[in-house]
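Examining the three-dimensional arrangement
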Amino acid sequence: MKDILIIGAGPVGLYAWSCTGMLGLTGYIIEGNDSPGGQPWELYPEKQLYDMPGFAEIKTRTFIENLITQAERNSKQITYFGKTNILTVAETNDGFTVTLTNNEVITVKTILITSGNGVFTPIRLEHLDASQEYANLWYAVKDLTTLTNKKVVVLGGGDSAVDWANHLVEDNITNNVTIIHRRELYRAKESSVQKLQQNKITELKPYHIKDVQVHQHQITSLTLEHESNKTTLTLAADYFIVQYGAKVAPTMLDQFSVATTPMRKIIIQPSGQTSHAHIFAAGNCAYYDGKYYNMVTGFGEAINALFNITKIIHGNKYHPGYLSDIKK
Ligand SMILES: Cc1cc2nc3c(=O)[nH]c(=O)nc-3n(C[C@H](O)[C@H](O)[C@H](O)COP(=O)(O)OP(=O)(O)OC[C@H]3O[C@@H](n4cnc5c(N)ncnc54)[C@H](O)[C@@H]3O)c2cc1C
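If you're wondering where the values come from, they're calculated on a predicted model, not measured in any experiment.

About the cut-offs
- Residues numbered from 1 in each chain as written.
- Predicted model: local features only at pLDDT ≥ 70, side-chain atom pairs only at ≥ 80, totals over all residues.
- Heavy atoms only, no water.
- Core = buried A, V, L, I, M, F, W, Y, C linked by side-chain atoms within 4.5 Å.
- Buried < 20%, exposed > 50% of the residue type's maximum accessible area, 1.4 Å probe, protein only.
- Helix = DSSP H or I, 4+ residues; strand = E, 2+ residues; numbered from the N terminus.
- Near = heavy atom within 4 Å.
- Polar contact = N/O pair within 3.5 Å; in protein donor to acceptor, adjacent residues only side chain to side chain.
- Areas by Shrake-Rupley, 256 points an atom, 1.4 Å probe, with all protein chains shown as cover.
- Domains from an automatic or database assignment.
- Buried area = accessible area lost by both parts, 1.4 Å probe.
- Pairing = 2+ DSSP bridges.
- Contact = heavy atoms within 4.5 Å.
- Axes fitted to C-alpha atoms, helices over the stretch in contact; angles between N-to-C directions.
- Salt bridge = Lys/Arg side-chain N within 4 Å of Asp/Glu carboxyl O.

Here's the deal with the nonpolar core
Considering soluble globular proteins, one finds that nonpolar side chains tend to be buried as a cluster. With 33 residues, the main nonpolar core has L14, F63, L112, L306 and I309 as its most contacted residues. Of all the secondary-structure elements, those providing two or more residues to this core are β1 (2-7), α1 (11-22), α3 (60-72) and α6 (295-314). With 24 residues, the next largest nonpolar core counts I7, I106, F256 and I279 among its residues.

In structure tokens form, the structure reads like this:
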């Protein structure tokens, strides 16, 4: 039986993975998405972070890559399963037997839940084969340089669609940007909407996508239909960035007998412990009065929870000392 299962490899789960390894604990970490990194990786990889201790400024993508590199140093002790979720959890005398969706059955003494806001997947463009990848169709912007001087179409009318359209022009990536929205009014900050005109972004609204033209796994053009007068037009481009938002997969919390808030956040003690003595939680999935939700808060909760988990594994008198002293 291993010491711990960490559920979710967002920033907080990744940091917990690093610390778990340094603490000499053994176990597993699972991530429901294709890749680790959580919300920062999926939603805002190109954003600059200004609130990370020790970094005056760091790009989110670089920060998450650093977290992954740091965590993977401990992959001998902690096994990572990607694209894997919880199927069932059964309590035993000394821990848990957990069946995973990748058919692995694991036994662990403790569980640390770092599931954030759940496994979310971007809402996809219709009219396409969902099993296919299209190289120039992006649901997250992960590499801005590829878009340099390209013709880019942004689909969506929320904050992220409007912000990306502006960002591409304001940061001199390209000045050939079109935004397509199915309503007349955007659902974005008024100040950002006003910048669309200043940035000379072509606005096509209210239009919906009637068809998508594909050639050799690349989108070549879109057929748009006007919402009211039903006229159609065809729009070709080099890259298509879909910002329709995300849907969250059903939570696995029903598998656990832990107390939650009405909003399904897990209530934790200062120790990180939930209402179950051997289940802990940290990061965006965890709640206590007065909590400020950001990464640094989650990192603190994770290391604190792990400190208390070592006491379950090694006994109450155990004190691990500073992690940098035990793992150089
Ligand atoms: C637009 C935006 C900008 C932000 N800017 C900042 C900022 O500048 N600074 C800052 O500190 N914070 C910022 N935040 C907040 C920050 O992203 C969150 O605080 C942080 O992502 C929480 O990390 P987490 O690991 O707890 O959860 P998440 O990032 O949500 O990660 C949870 C992970 O767990 C996985 N998961 C969930 N359930 C399961 C399951 N059952 N099985 C397997 N895997 C599972 C998910 O797929 C996901 O990868 C921002 C948030 C947003 C939306």
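Some words on the site of the ligand
Neighbouring residues of the ligand: 32 residues in total, closest E31, Y44, K47, N85 and N284. V12 places a polar main-chain atom, nitrogen or oxygen, 3.1 Å from an oxygen atom of the ligand. In this structure, an oxygen atom belonging to the ligand sits 2.9 Å away from a main-chain N or O atom of Q39. Here the ligand, which alone exposes 1,000 Å², has 86% of that area covered by the protein. Looking at the shell around the ligand, the elements that each hand over two or more residues are α1 and α2 (38-43). Counting residues per element, the shell around the ligand draws most heavily on α2, which supplies four residues.

Focus: the domain arrangement of the protein
Examined at the domain level, the protein breaks down into domain 1 (2-120 + 247-326) and domain 2 (124-244). The straight-line distance from the C-alpha centre of domain 1 to that of domain 2 is 35 Å. Approximately 520 Å² of surface area, both sides summed, lies buried where domain 1 meets domain 2, with 47% of it carried by carbon and sulfur atoms. Of all residues in domain 1, P45, E46 and R61 bury the most surface against domain 2, accounting for 65% of the area lost on that side.

A few points about the sheet that holds strand β11 (residues 152-155)
Taken in spatial order, the five strands make up an open sheet running β10-β17-β11-β12-β13, and their pairing is parallel. Two strands lie at the open edges of the sheet, namely β10 (137-138) and β13 (202-204), each paired on one side alone. Both β11 and strand β17 (residues 239-242) contribute to a ladder of four bridges, which runs parallel. In the strand pairing of β17, V152 is matched with Y239. Packing against the sheet, helix α4 (residues 159-170) makes contact with β11, β12 (177-180) and β17, and its axis sits at approximately 170° to β12.

Observations regarding the sheet that holds strand β16 (residues 232-236)
The three strands lie next to each other as β14-β15-β16, forming an open sheet whose pairing is antiparallel. The sheet is open, and its two edges are formed by β14 (207-215) and β16, each paired on a single side. Neighbour-to-neighbour, the strand axes of the sheet open up by a mean angle of 25°, direction not taken into account. Alignment of strand β15 (residues 218-226) against β16, held across five bridges, turns out to be antiparallel. Bridge pairing in β16 links L224 to L233.

Observations regarding the pattern of salt bridges
Considering all chains together, one arrives at eight salt bridges under this definition. Across the pair D163 and K189 runs a salt bridge whose closest N-O atoms are separated by 3.7 Å. In this pair, D163 is assigned in helix α4 and K189 in the loop between β12 and α5 (190-198), connecting sequence segments 26 residues apart. Here K189 falls in the partly exposed class, since its relative accessible area comes to 43%. Linking E301 and K291 is a salt bridge whose minimum nitrogen-to-oxygen distance equals 2.9 Å. With a gap of ten residues between them, E301 in helix α6 and K291 in the loop between β21 (286-287) and α6 connect regions that are remote in the sequence. Using a relative accessible area of 8% as the deciding quantity, one classes E301 as buried. Salt bridges here are not isolated pairs; linked through shared partners, they connect D159, D163 and K189.

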